[in-house]
Amino acid sequence: MDLSAINPVLLIASLMVAATPILLAAIGELVVEKAGVLNLGVEGMMIVGAISGFAITVESGSPWLGFLASAIGGALLSLLFVLLTQVALANQVASGLALTLFGLGFSSLMGQSYVGIKPPQMGKLDIPFLTDLPFIGPILFGHDPILYLGIALTAAVWALLKYTRVGLVLRAVGENHDAAHALGYKVVRIRIMAIMFGGACAGLGGAYISLIRVPQWTEGMTAGVGWIALALVVFASWKPWRALLGAYLFGGVTVVQLNLQAAGVAIPVEYLAMSPYLITIIVLVFLSRDKSGAPASLGRIFHATH
Amino acid sequence: MKLTSLLATAALGLGLATAAVAQDKTKVGFVYVGPVGDGGWTYEHDQGRKAVVAEFGDKVETVYVENVAEGPDSERVMTQMALDGADLIFTTSFGYMDPTINVAKKFPNVKFEHATGYKRSDNVSTYSARFYEGRAVQGTIAGHMTKSNIVGYIGSFPIPEVVRGINSAFIHARKVNPDVQFKIVWAFTWFDPAKEADAAKVLIEQGADVILQHTDSTAPQAAAQTAGNVITFGQASDMSEYGPMPRVSSIIDDWAPYYIERTQAVMDGTWESKDTWDGIGAGMVGIGEISDAVPADVKEAALAIKASLADGSYHAFTGPIKKQDGSDWLAEGETADDGTLAGMNFYVEGLEGDIPQ
């Protein structure tokens, strides 16, 4: 065993990378759920975002266009969910599961000709002097721009929900859609926008995996990250900063367990492999003891004439 | 009356014709553990399948199923293939071992070929390649090339085949560089690009400047390329799109001659259950071109090892070798027998850590 081989700076830097896809997807889903909609299709939207972003990046040569395309791809797929649940008033749980299954299959179809290709790389942030600072340089100033976008989105969503009128309306729709409707708010329209925002975020998260974290395209490469993001929203009590904490915790333990393995720590590998799930759940369950419950209308179907 | 008999004759003729065609065509099925586009293990098996098609043309019909999970679900896939009239089925991953045996019992007339396993029956053959010979060449290059004296190894599952590879690479790295250390991470997957990339990054962060992988995707290559100054080896396939750096060489599985031979045997009715385990000499294991990133003397040493393995003058496990716990395994000059190699479940002396059980 040689723990000195683990470099804490690189460890923190790489856990941030591992956490970003989860964070992006979780923030999107948080907004969706705050609007009172339960979309279980995160995994499907992520993988479609992953291939959309990958394909456009390869075709255009620009990762920026790719990330834009991944957000559009995720949002387009979420329109299917909109159609099912907001127009046809179908059951949200079933529709969301269908969306995931459809997304996984559809992405393999789209990705047939992109297997084994290397995408153009997105440059990392490189601020003279700041990036070269010891310790905090690589952690704070040495990442790709999308990672910062994830953190900025968290802050923006938090501020939006807490301080703005838009956030108040969104929460009202999620807490009691009948009351919000009686006050004259367009419940369905607000929800559609929230769902599309969620789809775009999930798409970005997927593209982060296919363009930055891996980077290549393979079928089913999101490998359950969407489900983790979904669970994280609940455990984080629908609070953006807790979602960030949870995502970093999960990413952190994932990276740490690989580090411990490589350093030869004598804990059976199987325990290390399950530790990210266990630790994240335990910590967030403790945090959420303060009775901040789910949005009251979560998962309920709204129809104006009822 | 006339019309009916005409129709009947026609139908009979047609029936006979179809039957004749069906008899002519030998149907060969392939069960793959990953997608054919993984650029590694499954890709090479599919190249073998294509070679069978190219060799026999119309006389053969091939079918394959990708991404088949190891374990019970593979039984369903194999059963379906057998029901659809396959004459010969190649199951191409270690985890298909028991399912293959189970399905083979139900279809005594269908021939099965299981890759990398050790259970056989009257209609189940096993075949594998001596990848550890390729690992010996890799270990030689790795031992010469590493500057940090840390070699990272991404293991898939702790099965004999993978342990053999680790031991072989380690023995030969130590032979040329007594200070070399191996850091081993078990990914518990054959194919999960995100996980493989993370594992490679972790090993690089902990100082490894050579990454060996026993997983199937090119993700570790991409991670090494990003890190710079780290060398890797193509696994199962050449992965030459990552050369000359980080990929400096590779182990290439060449299944085509074997697949053609066995298909021919089924056609001729001479197929028999047997165990095939071929290495560099027979051409089942190829060593991908050693790139210019490797100094000429190192390349020479690697090619010398390759040549002596190919002509049989050298065995990759030649004593004296001790087990990890210090007990004797092979005496001076003694070579390992295939039985021990096939069931290898111990590290050799010098490796750290335990094999997960």
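Since we're looking at a predicted model, the values are computed, not measured.

(A) Layout of the sheet that holds strand E2 (residues 60–65) of chain B. All names here are of chain B. Strands sit in the order E2-E1-E3-E4-E5-E11 across an open sheet of six strands; the sheet is parallel. Pairing within the sheet leaves two strands with one partner each, and these edge strands are E2 and strand E11 (275–278). The average angle at which neighbouring strand axes cross in this sheet is 15°, direction not considered. Here helix H3 (residues 72–83) sits on the sheet in contact with strand E1 (26–31), E2 and strand E3 (88–91), set at roughly 170° to E1.

(B) Main features of the sheet that holds strand E7 (residues 181–186) of chain B. Residues and elements named next belong to chain B. Read across the sheet, six strands follow the order E7-E6-E8-E9-E10-E12 without closing on themselves; strand pairing throughout is mixed. Only two strands of the sheet have a single partner each, and these edge strands are E7 and strand E12 (285–288). Neighbour to neighbour, the strand axes of the sheet diverge by 20° on average, direction disregarded. Where strand E8 (residues 210–213) and strand E9 (residues 231–234) come together, two bridges link them in parallel fashion. Pairing of valine 210 across the sheet is with isoleucine 231, part of E9.

(C) Quick look at the interface of chain B and chain A. In this assembly, 30 residues from chain B lie in contact with 23 residues from chain A. Counting each side, the surface lost to burial between chain B and chain A is near 2400 Å², with a carbon and sulfur contribution of 53%. Considering only the surface of chain B that becomes buried against chain A, B:Asp198, B:Glu205 and B:Gln206 emerge as the three largest contributors, covering 24% of it. In this structure, the connection of chain B to chain A is made through one salt bridge. The partner of B:Asp198 in a salt bridge is A:Arg213, and the shortest N-O contact between them spans 2.3 Å. The tally of links from chain B across to chain A stands at eight residue pairs in polar contact (both at pLDDT 80 or more). When grouped by side-chain class, the residues that make up the side of chain B that touches chain A number 16 nonpolar, seven polar and seven charged.

(D) Quick peek at the layout of surface pockets. In this structure, the largest pocket occupies an estimated 730 Å³ of space. Taken together, 26 residues line the largest pocket, and the ones lying closest to its centre are A:Val17, A:Lys124, B:Lys201, B:Glu205 and B:Thr226. Contributions of two or more residues to the lining of the largest pocket are made by helix H1 (8–34) and helix H9 (187–213) of chain A together with helix H7 (193–205) and helix H8 (219–227) of chain B. Partitioned by chemical class, the residues of the lining of the largest pocket number 15 nonpolar, five polar and six charged.

(E) Spotlight on the packing of aromatic side chains. Taken as a whole and judged by the stated rule, the model has 28 aromatic pairs over all chains. Seen in terms of ring centroids, A:Phe102 and A:Phe106 are 5.3 Å apart; in terms of plane orientation they differ by 10°. Their pairing is stacked. Of this pair, A:Phe102 and A:Phe106 both sit in helix H4 (residues 92–110), four residues apart, which is roughly one turn of the helix. The class for A:Phe106 is partly exposed, based on a relative accessible area of 33%. Geometrically, the ring pair formed by B:Tyr132 and B:Trp277 is edge-to-face, given 5.9 Å between the ring centres and 65° between the ring planes. Remark: B:Trp277 occurs in strand E11 and B:Tyr132 occurs in helix H5 (residues 131–145); sequence separation between them is 145 residues. Just as B:Tyr132 is buried, B:Trp277 falls in that class too.

(F) Up close: the confidence of the model for chain B. Residue and element names in this part refer to chain B. Confidence in the prediction of chain B, expressed as mean pLDDT, is 88, and 94% of residues score 70 or more. Confidence drops under a pLDDT of 50 for residues 12–22, and excluding neighbours within four residues, the segment shows zero contacts in the predicted structure. Reported for the predicted complex are a pTM of 0.80 and an ipTM of 0.76.

(G) Spotlight on the packing of helix H6 (residues 145–163) of chain A against H9(A). All names here are of chain A. Between H6 and H9, the shortest axis-to-axis distance is 11 Å and the interhelical angle comes to 160°. In terms of their interaxial angle, H6 and H9 are classed as roughly antiparallel. Seen along the crossing, H6 lies across H9 with a hand that is left-handed. Each of Ile146, Leu147, Leu149, Leu153 and Val157 in H6 lies in contact with H9, whose residues at this interface are Phe197, Cys201, Leu204, Tyr208 and Ile212. Tallied by class, the residues present in the contact of H6 with H9 amount to ten nonpolar, no polar and no charged.

(H) Here's a closer look at the environment of A:Gln86. Residues and elements named next belong to chain A. Assignment of secondary structure puts glutamine 86 in helix H3 (residues 63–87). Note on glutamine 86: relative accessible area 8%, which makes it buried. Considering only alpha carbons, one finds glutamine 86 and glycine 220, 134 residues apart in sequence, at a separation of 28 Å. With sequence-adjacent residues up to four places away left out, glutamine 86 is seen in contact with Val37, Phe81, Gln92, Val188, Arg191, Ile192 and Ile195.

Rules used in this analysis
- Residues numbered from 1 in each chain as written.
- Chains lettered and ligands numbered in written order.
- Predicted model: local features only at pLDDT ≥ 70, side-chain atom pairs only at ≥ 80, totals over all residues.
- Heavy atoms only, no water.
- Pairing = 2+ DSSP bridges.
- Helix = DSSP H or I, 4+ residues; strand = E, 2+ residues; numbered from the N terminus.
- Axes fitted to C-alpha atoms, helices over the stretch in contact; angles between N-to-C directions.
- Contact = heavy atoms within 4.5 Å.
- Buried area = accessible area lost by both parts, 1.4 Å probe.
- Salt bridge = Lys/Arg side-chain N within 4 Å of Asp/Glu carboxyl O.
- Polar contact = N/O pair within 3.5 Å; in protein donor to acceptor, adjacent residues only side chain to side chain.
- Nonpolar A, V, L, I, M, F, W, Y, C, P; charged D, E, K, R; others polar.
- 1 Å grid on protein atoms, 1.4 Å probe; cavity = no way out; pocket = protein on both sides within 12 Å on 5 of 7 lines; lining within 4 Å.
- Points joined across faces, edges and corners; volume = space filled by probe spheres on them.
- Phe/Tyr/Trp six-rings, centres within 6.5 Å; stacked < 30°, edge-to-face > 60°.
- Buried < 20%, exposed > 50% of the residue type's maximum accessible area, 1.4 Å probe, protein only.
- pLDDT = per-residue confidence, 0-100.
- Parallel < 35°, antiparallel > 145°, perpendicular 65-115°, else oblique.
- Left-handed = near helix turned anticlockwise from the far one by under 90°.

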